[in-house]
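Given next are the chains, with one letter for each unit.
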Amino acid sequence: MKMKMDIDRIVVCLFLLLVFAPWSIYSDERLLVGMTIVQNAADRGAVCLDGSLPAYHLHRGFGAGSNNWLLQFEGGGWCNDVSSCLERAKTRRGSTHYMEKFKVFSGILSNNASLNPGFISLFLDFYNWNRVKLRYCDGASFSGDGMFDNGTSVLHFRGQKIWEAIIYDLLPRGLSSARMALLSGCSAGGLATFLHCDNLSNMLPKDARVKCLSDAGFFLDEQDISLNYTMRSFYNDLIALQGVEKNLNPNCVRSIQNPKLCFFPQYALNYIKTPYFILNSAYDVFQFHHGLVPPSADLRGHWYHCKFNPAACDATQIDVLQGFRRDMLSALDSFQNSSSSVGMYINSCFAHCQSESQDTWLAVDSPRIHDKTIAEAVGDWYFDRKITKEIDCPYPCDKTCHNIIPSPQVSLR
């Protein structure tokens, strides 16, 4: 009887795939979602760098997904000194005044049943959930709590309060009765999920299924090619400027000699109780360009061609990149072996952020590990269909990465 039901389900899914997939995969239609300003945020001290009110974009769920929520932190670098934060405050990364008023929802945020996640798991995943994009305007991965005022210029470092204000705005809109929830984010937004995962879990009903997904947010505490800790130095300045340390994981802070290191996911991860999924490239191009080979470590441009085309890397450069991959896998080793409730998808594509774009989330030619797409892996993990801990073979063996070898368009700042 069960086998017959499974066969019937597969037949129905394949029929729907044949009917809808050609239209949905190649359609030019886009889902544009309007901005919601958090009107009472200032009462909580929650404002962007320039003092403007924070915002989010909400697309309502429907049907079986009407009580489920997917929240996604926007990414976009950081600012770690007054000068860079003042510049950031004049852009969409530091002020809602400069933000586009509509946001495209694609990839994991898509509302198209055949795209999210598609195929056999068509009925079960995120397309009909309430989906929220949290706009990023603080420059510290939603974690700061401080202020700069020299009598001439004012900067508000209120990322922690922005996070709280948005959640408190969403709770009466249905989040307080969530049955399922997934907190996700990309890049600096992926890092924010490590900082706020348990916090969200504690604010939702005790019987809710709450899990977290970081996309390209596993930033390594790694020496660059000149043997300097570029990312560590950058984060130290950010934490000191924006008053972040008091909002870091308290168990991590108490257990480590240098509390600022708890901003790095590899140190905080052991203290996060909520089930977690890490999606990352082992050759993440942002970390490659700004952490492993920052401009300050390559003044003569020996790495220029390698950065923009891995095929142009010489043997020594490939060895450095393989070393970075080994260090990432080593940092993830205890996480991988900790529990069946955790998930991983570490591929060998030169990419950064793979859940937001339909091309990399789920498409005919999207990346695969063991013939499994990112969308399928995340869905299997979230719904406990399968244990999902996928690690790709080293570059250049993965031939599914041909369509995603970008260069990052955003600096550390």
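The rules behind these values
- Residues numbered from 1 in each chain as written.
- Predicted model: local features only at pLDDT ≥ 70, side-chain atom pairs only at ≥ 80, totals over all residues.
- Heavy atoms only, no water.
- Disulfide = S-S within 2.5 Å.
- Helix = DSSP H or I, 4+ residues; strand = E, 2+ residues; numbered from the N terminus.
- Buried < 20%, exposed > 50% of the residue type's maximum accessible area, 1.4 Å probe, protein only.
- Core = buried A, V, L, I, M, F, W, Y, C linked by side-chain atoms within 4.5 Å.
- Salt bridge = Lys/Arg side-chain N within 4 Å of Asp/Glu carboxyl O.
- Pairing = 2+ DSSP bridges.
- Axes fitted to C-alpha atoms, helices over the stretch in contact; angles between N-to-C directions.
- Contact = heavy atoms within 4.5 Å.
- Expected span 1.5 Å × (residues − 1).
- Arc of directions from axis to C-beta.

Engineer: Explain the state of the cysteines to me, and be specific about the residues and the numbers.
Structural biologist: The tally for this structure, following the rule as stated, stands at 8 disulfides. Between the sulfur of Cys186 and that of Cys353 lies a disulfide, 1.6 Å long from S to S. Every disulfide takes its handedness from the sign of the S-S torsion; for Cys186 and Cys353 that torsion is 80°, giving right-handed. Of this pair, Cys186 sits in strand 8 (residues 180–186) while Cys353 sits in the loop between strand 11 (343–347) and helix 12 (358–361), placing them 167 residues apart in sequence. Take Cys186: its relative accessible area is 5%, and that puts it in the buried class. Each sulfur in the disulfide pair Cys393 and Cys397 lies 1.7 Å from the other. Measuring handedness by torsion sign, the sulfur bridge of Cys393 and Cys397 sits at about 115° and is right-handed.

Engineer: I'd like a description of the nonpolar core, backed by residues and values.
Structural biologist: With 82 residues, the main nonpolar core has Trp78 and Leu321 as its most contacted residues. In terms of nonpolar packing, the next biggest core, distinct from the first, is built from 24 residues, Leu109, Phe277, Ile374 and Trp381 among them.

Engineer: How would you summarise the pattern of salt bridges if you had to cite specific residues and measurements?
Structural biologist: With the rule as written, the count across this model stands at 19 salt bridges. Here Asp384 and Arg209 are joined by a salt bridge, their closest N and O atoms 2.9 Å apart. Of the two residues, Asp384 sits in the loop between helix 13 (374–382) and strand 12 (389–391) while Arg209 sits in strand 9 (residues 209–215), which places them 175 residues apart along the sequence. Residue classification places Arg209 among the partly exposed residues on the basis of a relative accessible area of 26%. One salt bridge connects Arg385 with Asp380, and the closest N-O pair in it is separated by 2.9 Å. Linked through salt bridges whose partners overlap, the residues forming this network are Glu74, Arg92, Arg93, Glu100, Lys103 and Arg135.

Engineer: Kindly report on the pairing of strand 11, identifying the contributing residues and their values.
Structural biologist: Of all 5 residues making up strand 11, 5 are buried, and the element is well covered by its neighbours. Every second residue of strand 11 is oriented toward a common face, with Gly343, Tyr345 and Asn347 on one face and Met344 and Ile346 on the other, all of them buried. Here strand 10 (residues 276–281) runs beside strand 11; their pairing, made up of 5 bridges, is parallel. In the strand pairing of strand 11, Asn280 is matched with Ile346.

Engineer: With reference to specific residues and values, describe the sheet that holds strand 11.
Structural biologist: Taken together, the 10 strands give an open sheet; going across it, the order is 4-1-2-5-3-8-9-10-11-12, and neighbouring strands pair in mixed fashion. Sheet topology places strand 4 (102–105) and strand 12 at the edges, where each strand pairs with a single neighbour. Between one strand axis and the next, the sheet turns through 20° on average, direction left out of account. Across 4 bridges, strand 9 lies against strand 10 in parallel orientation. The partner of Cys212 across the bridge, within strand 10, is Tyr276. Docked against the sheet, helix 4 (residues 188–203) engages strand 3 (68–73), strand 8, strand 9 and strand 10, running at close to 155° with respect to strand 8.

Engineer: Hey, could you go over the pairing of strand 6 (residues 146–149) for me, with residue numbers and the actual values?
Structural biologist: Sheet topology places strand 6 next to strand 7 (residues 154–157); 4 bridges connect them, and they run antiparallel. Among the inter-strand pairings, Gly146 is bridged to a residue of strand 7, identified as Phe157. Taking the residues that link successive antiparallel strands as the turn, the strand 6-strand 7 hairpin has 4 residues, and the phi of Gly151 there is positive, at about 90°.

Engineer: Report on helix 5 (residues 230–242), specifying residues and quantitative values.
Structural biologist: Here helix 5 contains 13 residues, and its C-alpha end-to-end distance of 18 Å stays within 8% of the 18 Å for a straight helix at 1.5 Å per residue. What helix 5 keeps buried is the set Thr230, Met231, Phe234, Tyr235, Leu238, Ile239 and Gln242. Seen from one end, helix 5 has its buried residues packed into an arc of 155°, which puts them on one side. Next to the buried residues of helix 5 lie helix 2 (82–88), strand 6, strand 7, helix 4 and helix 8 (285–292). One or two steps after helix 5, the chain reaches Gly243, where phi turns positive at roughly 65°.

Note that all results are geometric; they support no functional claim without further evidence.
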